[in-house]
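# Residue-level structure breakdown
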Amino acid sequence: MTMAPRKPDPRQPRVTIEGEVLRQIRQHARANSKTEVCGVLIGAETGNTLAIRARIPGLNAAQAGTYVTFTQDTWEHIYKIKDKEYPEERIVGWYHSHPGFGVFLSDHDTFIHKNFFSSPLQVAWVYDPHSDEEGCFGWSGQRLERLEEIQVRDDKGGEGAGETGKPEPVGGVEEEAENPPPEKESDVGPPVWLGWVLTVSSHLLLMAIAFVAAWLFFPRPVFFFIDVYKGTLIQAPPGTRLSSDGILSVPGYPEMRISRPERSVPQQPPASENPSVAPKGDEDKSRKEQNAPSRP
Ligand SMILES: [Zn+2]
């Protein structure tokens, strides 16, 4: 603490937020990626610590190009839910989205905060669903500042609010000193290792498909024997092989050498056929000439 070059402002409230609430805020904002959405944060204050445990979404999103507002209707809706579901908790702040224009408090936002959320520990949570960036703003004395530290608590095994033995990441630029961004990866997208597993398994699957395809479509020699007495065709037993040097091996029979004199025979016809092709062409030609109108 004393070594830290940057003051973790003791006047800033220590904020913890449930991971589930964080997810709900992000989902609410992403579902309306063109318009601002808003809601209130529900939780409890103890000393300098603020625990955000739930949120109540506002009635509806702002119209495109307008700001979020807390109208009479919005408050009635919010209090109805709060009294029913969170009678023991307090409204500890509000959240709204900035679809595509970054995390900050506009003059309008500051106005809302000063008028509706002016108690010292109340905070304003801003989330940009386009960049996936978020920030929490709170009172530091008379000033409204972006909080340097936010703790995200997950229901199971999460660290308790307040002082823990764990050193807080302190320092760096104000924007980068917050906790949520590192948590983002595991929270929103699939973890990195899962990506690798999927890549590798998809490659393996491709290979398997290629093997099956090769086995199905590549030419495999099938052998038949001709029963010269009956004049029938008999398929050779599986495993019959003819090696390139003419050894025929049939399972259950001794190997035998096959001479293939016919090999040279098929090569002959094309040579003798060619000459017969040429005259054909001439024939066509002459026929064409016959068909052509004779000129006087
Ligand atoms: Zn705003």
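Residues numbered from 1 in each chain as written. Predicted model: local features only at pLDDT ≥ 70, side-chain atom pairs only at ≥ 80, totals over all residues. Heavy atoms only, no water.

### A look at the coordination of the zinc ion
Let me state the cut-off plainly: Any N, O or S atom lying within 2.8 Å of the metal counts as a donor, with the limit raised to 3.2 Å for Na, K and Ca; because water is left out of the atom set, some sites can appear incomplete. Only four donors with every angle between 85 and 135 degrees are called tetrahedral; only four or six donors with opposite donors over 155 degrees apart and all others between 65 and 115 are called square planar or octahedral, in that order; all others are irregular. Each residue gets one of three labels from its accessible area relative to the maximum for its type: buried under 20%, exposed over 50%, partly exposed in between, using a 1.4 Å probe on protein chains only.
At this site the zinc ion is bound by His96 (NE2), His98 (NE2), Asp109 (OD) and Asp109 (OD), with donor distances of 2.0 to 2.5 Å. Between the 4 donor atoms coordinating the zinc ion, the angles at the centre fall across 57 to 160 degrees, so the site counts as irregular. Counting the intervening residues between successive donors of the zinc ion yields the motif H-x1-H-x10-D. Summarising the burial analysis for this pair, His96 and His98 share the class buried.

### Comments concerning the sheet that holds strand β13 (residues 256-257)
Put simply, the rule reads: Being paired, for any two strands, means DSSP has found at least two bridges between them. Secondary structure elements follow DSSP: runs of H or I no shorter than four residues count as helices, runs of E no shorter than two count as strands, and numbering proceeds from the N terminus.
Strands sit in the order β11-β12-β13 across an open sheet of 3 strands; the sheet is antiparallel. The strands lining the two open edges of the sheet, one partner per strand, are β11 (241-242) and β13. Sheet analysis places β11 next to strand β12 (residues 247-249), joined by 2 bridges and oriented antiparallel. Bridge pairing in β12 places Leu242 opposite Leu248.

### A look at the pairing of strand β9 (residues 224-227)
Relative to strand β10 (residues 232-235), β9 runs antiparallel, the two sharing 4 bridges. Residue pairing across strands places Asp227 opposite Thr232, the latter belonging to β10. Here β9 folds back onto β10 in antiparallel fashion, the turn holding 4 residues, of which Gly231 has a positive phi close to 75 degrees.

### Some details on the pattern of salt bridges
The following threshold applies: Salt bridge, as used here: a side-chain nitrogen of Lys or Arg that lies within 4 Å of a carboxyl oxygen of Asp or Glu.
The full count for this structure, using the stated rule, is 10 salt bridges. Ionic pairing is found between Arg90 and Glu45, a salt bridge with its closest N-O pair at 3.4 Å. Of this pair, Arg90 sits in strand β4 (residues 90-97) while Glu45 sits in strand β2 (residues 38-46), and the two are 45 residues apart along the sequence. Judged by relative accessible area, which is 43%, Arg90 ranks as partly exposed.

### Examining helix α2 (residues 72-85)
Since the α-helix advances by 3.6 residues per turn, residues separated by three or four positions end up pointing in the same direction. Our working definition: What a helix should span is 1.5 Å times the count of its residues minus one. The directions considered for the arc are those from the helix axis to the C-beta atoms. For this analysis, residues touch if any pair of their heavy atoms sits within 4.5 Å.
Between its terminal C-alpha atoms α2 stretches 20 Å, which fits the 20 Å expected from 14 residues at 1.5 Å a residue. Of the residues making up α2, those classed as buried are Thr74, Trp75, Ile78 and Lys82. Take α2 and look down its axis: the buried residues cluster within an arc of 90 degrees, on one side only. Pointing more than 90 degrees away from the buried face of α2 are the exposed residues Gln72, Lys80, Asp83 and Lys84. Of the surrounding elements, those touching the buried residues of α2 are β2, β3 (49-57), β4 and α3 (107-116).

Purely spatial values, then, with no claim about function.
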